Amino acid sequence: MHARYGGVVPELASRQHVEAMIPVLDEALKRAACTLRDIDAVAVTTGPGLAGALLVGANAAKAIAYARGIPLVAVNHLEGHIYAAWLEDAPEPRFPTLCLIVSGGHTDLVLMTDHGRYRRLGETADDAAGEAFDKVARLMELGFPGGPEIERLAGGIAPALRLPRAKLSRPYDFSFSGLKTKVLRLVRGQEGPVPALPELAAAFQDAVVDALVTKTLAAARDHAAAEVILVGGVAANSALRQTLTKRSPLPVRIPRPALCTDNGAMIAACGWWCLQAGQAAPLDADVQPGLRIG
Ligand code: KG4
Ligand code: ZN
C-alpha cells in the first residue's frame, strides 16, 4: 500500500490499522488454535511510532484486557525488538548484553545490564540505517521497503567501489546522510561515469554494514559485554548478519529474519518478561510516539 509513495504515509497507516485489527486478531487466534478466553494478558506497543497507528493498537488491547479482566502490558517497541533474540533459541540471556537495534526509525547501540535495564551508548546523528536503505533505494528507483531491494540488487557481490565512512566525535554514534548524498551524486553522474547499479548497491550496503559492525564490536569490547545481539528490520540483511557473526569474538545472537522485521511475537515475548516483573499497565495508559530506550 505504501510502496507507490516510496514511504509510509501516516494517515493511510492508521486507517489500515483500523481495517486490519479484527481480521488479524481473528487470524492469529485461529492459527494458534485458541480463543480470547485462553489468553492470560495482552501486551501492546505504546511507543515509539506513529501516533495514529499506536492508538489503534492500544485501544484494541485495552478493550480486550477490560472485557476479559486480564492484565494489560505496555511495551516499548525497541525493547520488543530486543526480546525477539530470546524467543526461539537459548532462552537464558547473558548480561551485560550489547544490543544493536537497527530499524526504519532507529539505530541504537544499547547496553542491557538486566531485564528492563538499558543504557544507550550510541545512536544515529541523522538517518536511521533502515531509513538510509529506503532513501538510497528510492534514488536508485528501486521499490519500497528499500532494504530487501538493495540486498537483492547487491546479490552478494564484493564491491570494488569503496564509499566513505562517517567520522563522528562520539565513538558509538552513526551517520548515514553523507553516504546517501554520495550515492545521489554518483547516480546523477556528478562524479564521473555512473557505476553499475548492483556495484553501487553492494558498495552502499558494505559501507553501512562496516559502520554498524565496527562500532558494535568496539562498544561490546569497551563495556565487557558477554554477548552481542542484533535486532530490528535491518537485522534481516544477510550481509550484516554474516559480517557481524564473522568478525565478533563474542557470541552473537540474531533472530531469524521474520522475527527481525516488525512482528507481534516480539511484543508478546517482551510483555511476558514485563509481567514477570509485575509491570502491568493501567487501562488509561497513553501512547508515547517519541519513546526512547536507555
Ligand atoms: O523494524 P522494522 O520492521 O520497522 C521499524 O520499526 O522501523 O524495520 C524496517 C526497516 C526498513 O527501513 C527496511 O528497509 C529495513 O528495515 N529492512 C532491511 C531489510 N529488510 C528490512 N534493510 C536491509 N536489508 C534487509 N534485508
Ligand atoms: Zn520495528
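Residues numbered from 1 in each chain as written. Chains lettered and ligands numbered in written order. Predicted model: local features only at pLDDT ≥ 70, side-chain atom pairs only at ≥ 80, totals over all residues. Heavy atoms only, no water.

### Examining the overall build of the protein chain
Part 1 of the argument: In terms of regular secondary structure, the protein chain is built from 10 helices and 7 strands.
Part 2 of the argument: For 294 residues, the compact-globule estimate of 2.2 N^0.38 gives 19 Å, and the C-alpha radius of gyration of the protein chain, at 20 Å, lies within 12% of that figure.
Part 3 of the argument: With respect to the principal axes defined by its C-alpha atoms, the protein chain has extents near 65 × 45 × 35 Å.
Part 4 of the argument: Taking contacts inside the protein chain between residues at least 6 apart in sequence as the whole, the part at least 24 apart equals 72%. (Helix = DSSP H or I, 4+ residues; strand = E, 2+ residues; numbered from the N terminus. Rg over C-alpha atoms; globule rule 2.2 N^0.38 Å. Contact = heavy atoms within 4.5 Å.)

### A closer look at the coordination of the zinc ion (ligand 2)
Around a metal, the ideal angle is 109.5 degrees if four donors adopt a tetrahedral arrangement and 90 or 180 degrees if six donors adopt an octahedral arrangement.
Part 1 of the argument: Protein ligation of the zinc ion (ligand 2) involves His77 (NE2), His81 (NE2) and Asp262 (OD), the donor distances falling in the range 2.0 to 2.2 Å.
Part 2 of the argument: Every donor residue of the zinc ion (ligand 2) comes from the same chain, spaced as H-x3-H-x180-D. Taken as a pair, His81 in helix α3 (residues 77–83) and Asp262 in the loop between α9 (257–260) and α10 (264–276) lie far apart in primary sequence, 181 residues in all.
Part 3 of the argument: The class of Asp262 is exposed, set by a relative accessible area of 55%. (Donors = N, O, S within 2.8 Å, 3.2 Å for Na, K, Ca; no water. Buried < 20%, exposed > 50% of the residue type's maximum accessible area, 1.4 Å probe, protein only.)

### Looking at the nonpolar core
Part 1 of the argument: Counting 44 residues, the largest nonpolar core has Phe176, Phe204 and Leu212 as the members making the most contacts within it.
Part 2 of the argument: Listing elements by their share of this core, those giving two or more residues are β3 (97–102), β4 (107–114), α4 (129–139), α5 (146–154), α6 (177–187), α7 (197–222), β6 (227–231) and α8 (238–247).
Part 3 of the argument: Look past the residues within four positions of Phe176 in its chain and what remains in contact with it is Thr107, Thr124, Asp126, Asp127, Ala128, Ala129, Ala132, Val208, Ala211 and Leu212.
Part 4 of the argument: Residues Val73, Ala84, Ala85 and Ile101 belong to the second largest nonpolar core, which totals 22 residues. (Core = buried A, V, L, I, M, F, W, Y, C linked by side-chain atoms within 4.5 Å.)

### Some remarks on unusual backbone geometry
Part 1 of the argument: A cis amide bond, omega -5°, links Gly47 with the succeeding residue Pro48.
Part 2 of the argument: Following the sequence through the fold, Pro48 ends up in the loop between β1 (42–47) and α2 (51–68).
Part 3 of the argument: With omega at -5°, the peptide bond leading from Phe144 into Pro145 counts as cis.
Part 4 of the argument: Locating Pro145 in the fold gives a position in the loop between α4 and α5.
Part 5 of the argument: In this structure, Ala33 is a non-glycine residue whose phi angle is positive, near 55°.
Part 6 of the argument: With relative accessibility at 68%, the residue Ala33 sits in the exposed group.

### Let's talk about the pattern of salt bridges
It is possible for side chains of opposite charge to pair when their charged atoms get near one another.
Part 1 of the argument: Evaluation of the coordinates by the stated rule reveals 18 salt bridges.
Part 2 of the argument: In this structure, Asp108 engages Arg292 in a salt bridge whose closest nitrogen and oxygen atoms are separated by 3.7 Å. Residue Asp108 is found in strand β4, and its partner Arg292 is found in the segment after α10; the two are separated by 184 residues along the sequence.
Part 3 of the argument: Residue classification places Asp108 among the buried residues on the basis of a relative accessible area of 2%.
Part 4 of the argument: In this structure Arg292 comes out as partly exposed when scored by relative accessible area, which is 35%.
Part 5 of the argument: Between Arg152 and Glu149 there is a salt bridge; the shortest N-O distance is 3.4 Å. Of this pair, Arg152 and Glu149 both sit in helix α5, 3 residues apart, which is roughly one turn of the helix.
Part 6 of the argument: Here the salt bridges share partners, and the residues they tie into one network are Asp108, Arg120, Glu123 and Arg292. (Salt bridge = Lys/Arg side-chain N within 4 Å of Asp/Glu carboxyl O.)

### With respect to the site of ligand 1
Part 1 of the argument: By nearness alone, 19 residues border ligand 1, and His81, Gly104, Asp134, Glu151 and Asp262 come closest of all.
Part 2 of the argument: At 2.7 Å, a side-chain N or O of Asp134 approaches an oxygen atom of ligand 1.
Part 3 of the argument: Its free accessible area being 560 Å², ligand 1 has 86% of it covered by the protein chains.
Part 4 of the argument: Elements with a contribution of two residues or more to the shell around ligand 1: α3, α4 and α5.
Part 5 of the argument: Among the elements that line the shell around ligand 1, the one with the most residues is α5, at 4 residues.
Part 6 of the argument: Across the shell around ligand 1, the residue classes break down as 5 nonpolar, 11 polar and 3 charged. (Near = heavy atom within 4 Å. Polar contact = N/O pair within 3.5 Å; in protein donor to acceptor, adjacent residues only side chain to side chain. Areas by Shrake-Rupley, 256 points an atom, 1.4 Å probe, with all protein chains shown as cover. Nonpolar A, V, L, I, M, F, W, Y, C, P; charged D, E, K, R; others polar.)

Read these as spatial facts, not as claims about activity.
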